[in-house]
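Architecture at a glance
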Amino acid sequence: MSASSRRILYIDDEPGLRRLVQRDLERHGYRVVTAADGPIGVALAAEGGFDAICLDHYMPGQDGLDTLVELRRLPDQPPIIYVTGSDEGRIAVAALRAGAADYVIKEVGGDFLLLLRSAIESAIEREALRRAHDAAEAAVREARDRAEELANQRAMLLREVNHRVSNSLQLIASLTRLQEGSVQDPAARDALAAMRNRIAAVAQVHRRLYTSDDVRSVALHDYLFGLVEEIGRSVGGRVITLEAEAVEVPTDRAVSLGVIVTELVTNALKYAYPAGQEGPITVRLKKREDHGLLVVQDEGVGATAHSPAAGTGLGRRIVESLTQSVGGAVEQSAGPGGTEVSIRFALA
């Protein structure tokens with residue numbers, strides 16, 4: 001902004017000094033309006049349109065400090081330069097504490113006019129910087145608020161999507177159960193039951209996501225608790241023990257690990273113990289420094305290298321494929337004391 005476009009209000013009770021200041025400032029390109037006392041100055045300032053206000057201290061009736069307080073009460077006021085003929089520091093300090101941007105000692109024979117112009121320029125520049133800073137902060141706050149609102153809307157949408165996906169998967173699982181009950185072939189029934197458990201594992205994740213504040217990760221230990229409980233109910237109330245440490249994993253990883261647990265537990269339920277017998281099945285979840293460990297263990301008949309493969313082998317292929325997808329590896333140990341399958345997986 002050029003000096004010719006800047007409008008200054010000068011408040012002083014001395015007519016001669018008002019004219020002197022007005023001529024000097026106008027000679028340097030400013031547009032100047034003067035006021036003979038504080039109340040007139042406050043009334044003019046209330047009309048607005050000034051880039052800076054110069055205010056004398058010693059005025060009859062209402063002095064500069066009282067006038068400064070009234071000016072500061074007006075909304076959106078420009079910087080105020082306090083002018084005083086006194087060299088007492090306490091007056092300048094009082095003015096600065098009351099809200100003045102700067103002060104100038106009034107010495108008509110000295111550098112007063114030069115110092116006044118310099119103070120006006122500096123105050124206007126500082127005010128411009130302050131306003132630009134405030135505008136930038138307001139823009140940042142607005143952008144942050146908008147981003148937070150969009151994030152909240154996205155989270156609500158994702159929760160709604162997960163809710164609907166969970167309901168749809170539950171419906172598919174229910175239809176699979178109905179189909180399972182109408183099939184006579186035991187192998188077909190087993191295949192449908194296995195598929196129903198896989199669907200339930202995925203549905204369990206989505207059910208947890210739509211009640212969670214964070215849809216990016218899942219508390220794996222909580223998820224597995226609900227999952228093994230659901231598997232146990234689906235096979236007539238079998239108790240499956242879960243020993244789990246607290247582990248957080250990304251959502252897609254939780255889905256893969258849930259299906260892996262479902263396959264391993266289902267396999268143990270079907271093949272670990274002789275027909276008609278039941279025994280313990282334990283799921284363990286452990287957190288290591290750089291990875292997680294998932295273990296499914298039984299105390300059944302175990303297996304040997306010469307044991308014939310049970311089932312179609314689909315479950316084993318699913319486990320191996322999903323373990324690779326979570327950056328992990330499968331280890332199995334089997335013998336007369338039972339079978340233990342360990343899945344090492346990356347946490348992120």
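Anyway, here's the lowdown on the structure attached to this text. Note that this is a predicted model, so its numbers are computed, not measured.

**A word on the sheet that holds strand S1 (residues 7-11)**
Where strands meet in a sheet, backbone hydrogen bonds hold them as pairs that are either parallel or antiparallel. Read from one edge of the open sheet, five strands run S2-S1-S3-S4-S5, paired in parallel fashion. Single-partner strands in this sheet number two, and they are strand S2 (31-35) and strand S5 (102-105). Averaged over all neighbouring strand pairs, the angle between strand axes comes to 20°, with direction disregarded. Taken together, the four bridges between strand S4 (residues 80-84) and S5 define a ladder with parallel strand orientation. Looking at the pairing, Tyr 82 lines up with Tyr 103 of S5. Helix-sheet contacts for helix H1 (residues 15-27) involve S1 and S2, and the interaxial angle to S2 is about 170°.

**Looking at the packing of helix H2 (residues 38-47) against helix H3 (residues 64-73)**
Between H2 and H3, the shortest axis-to-axis distance is 10 Å and the interhelical angle comes to 15°. Here H3 runs roughly parallel to H2, going by the angle between their axes. Here the hand of the crossing between H2 and H3 comes out right-handed. On H3, the residues that touch Gly 38, Gly 41, Val 42 and Ala 45 of H2 are Thr 67, Glu 70 and Leu 71.

**Here we look at a nonpolar patch on the surface**
A cluster of nonpolar residues, Leu 171, Leu 175 and Leu 178, forms a patch on the protein surface that exposes about 330 Å² of accessible area. Mapped onto the secondary structure, Leu 178 falls in helix H5 (residues 112-182). Looking at Leu 178, the relative accessible area reads 62%, which means it is exposed.

**Considering the pairing of strand S10 (residues 292-298)**
A large share of S10 lies buried, amounting to five of its seven residues. Sheet analysis places strand S9 (residues 281-287) next to S10, joined by seven bridges and oriented antiparallel. Directly across from Val 283, in S10, lies its bridge partner Val 296. What sits between S9 and S10 in their antiparallel hairpin is a turn of four residues.

**Things to note about the sheet that holds strand S12 (residues 338-345)**
Reading across the sheet, the five strands line up as S7-S9-S10-S12-S11 and stay open at both edges, with mixed pairing between neighbours. One side of each edge strand has no neighbouring strand; the edge strands of this open sheet are strand S7 (241-244) and strand S11 (329-335). Within this sheet the neighbouring strands show an average axis-to-axis angle of 10°, counted without direction. The pairing of S7 with S9 spans four bridges and is parallel. The residue of S9 that forms the bridge with Glu 243 is Arg 284.

**A closer look at the side chain of Arg 253**
Summarising the element assignment, Arg 253 is placed in helix H8 (residues 251-271). Once residues within four sequence positions are removed from consideration, Arg 253 is found in contact with Ser 325, Val 326, Ala 346, Leu 347 and Ala 348.

**Some points on the side chain of Glu 127**
In this structure, Glu 127 sits in helix H5. On the basis of relative accessibility, which here comes to 12%, the residue Glu 127 falls in the buried class. Every residue in contact with Glu 127, bar those within four places of it in the chain, is listed here: Gln 77 and Pro 79.

**With respect to the pattern of salt bridges**
Going through the model one piece at a time under the given rule, you end up with 16 salt bridges. A salt bridge links Asp 76 to Arg 131; the nearest nitrogen and oxygen atoms lie 3.0 Å apart. Remark: Arg 131 occurs in helix H5 and Asp 76 occurs in the loop between H3 and S4; sequence separation between them is 55 residues. Assessed through its relative accessible area of 61%, Asp 76 is described here as exposed. For Arg 131, a relative accessible area of 34% puts it in the partly exposed group. The salt bridge involving Glu 127 is made with Arg 131; its shortest N-O contact spans 2.9 Å. In this pair, Glu 127 and Arg 131 are both assigned in helix H5, four residues apart and thus about one turn of the helix distant. Through salt bridges with shared partners, a single network forms among Asp 76, Glu 127, Arg 130, Arg 131 and Asp 134.

What counts and what doesn't
- Residues numbered from 1 in each chain as written.
- Predicted model: local features only at pLDDT ≥ 70, side-chain atom pairs only at ≥ 80, totals over all residues.
- Heavy atoms only, no water.
- Pairing = 2+ DSSP bridges.
- Helix = DSSP H or I, 4+ residues; strand = E, 2+ residues; numbered from the N terminus.
- Axes fitted to C-alpha atoms, helices over the stretch in contact; angles between N-to-C directions.
- Contact = heavy atoms within 4.5 Å.
- Parallel < 35°, antiparallel > 145°, perpendicular 65-115°, else oblique.
- Left-handed = near helix turned anticlockwise from the far one by under 90°.
- Patch = residues over 30% accessible without salt bridge, like charges linked within 9 Å, V, L, I, M, F, W, Y side chains within 5 Å.
- Areas by Shrake-Rupley, 256 points an atom, 1.4 Å probe, with all protein chains shown as cover.
- Salt bridge = Lys/Arg side-chain N within 4 Å of Asp/Glu carboxyl O.
- Buried < 20%, exposed > 50% of the residue type's maximum accessible area, 1.4 Å probe, protein only.

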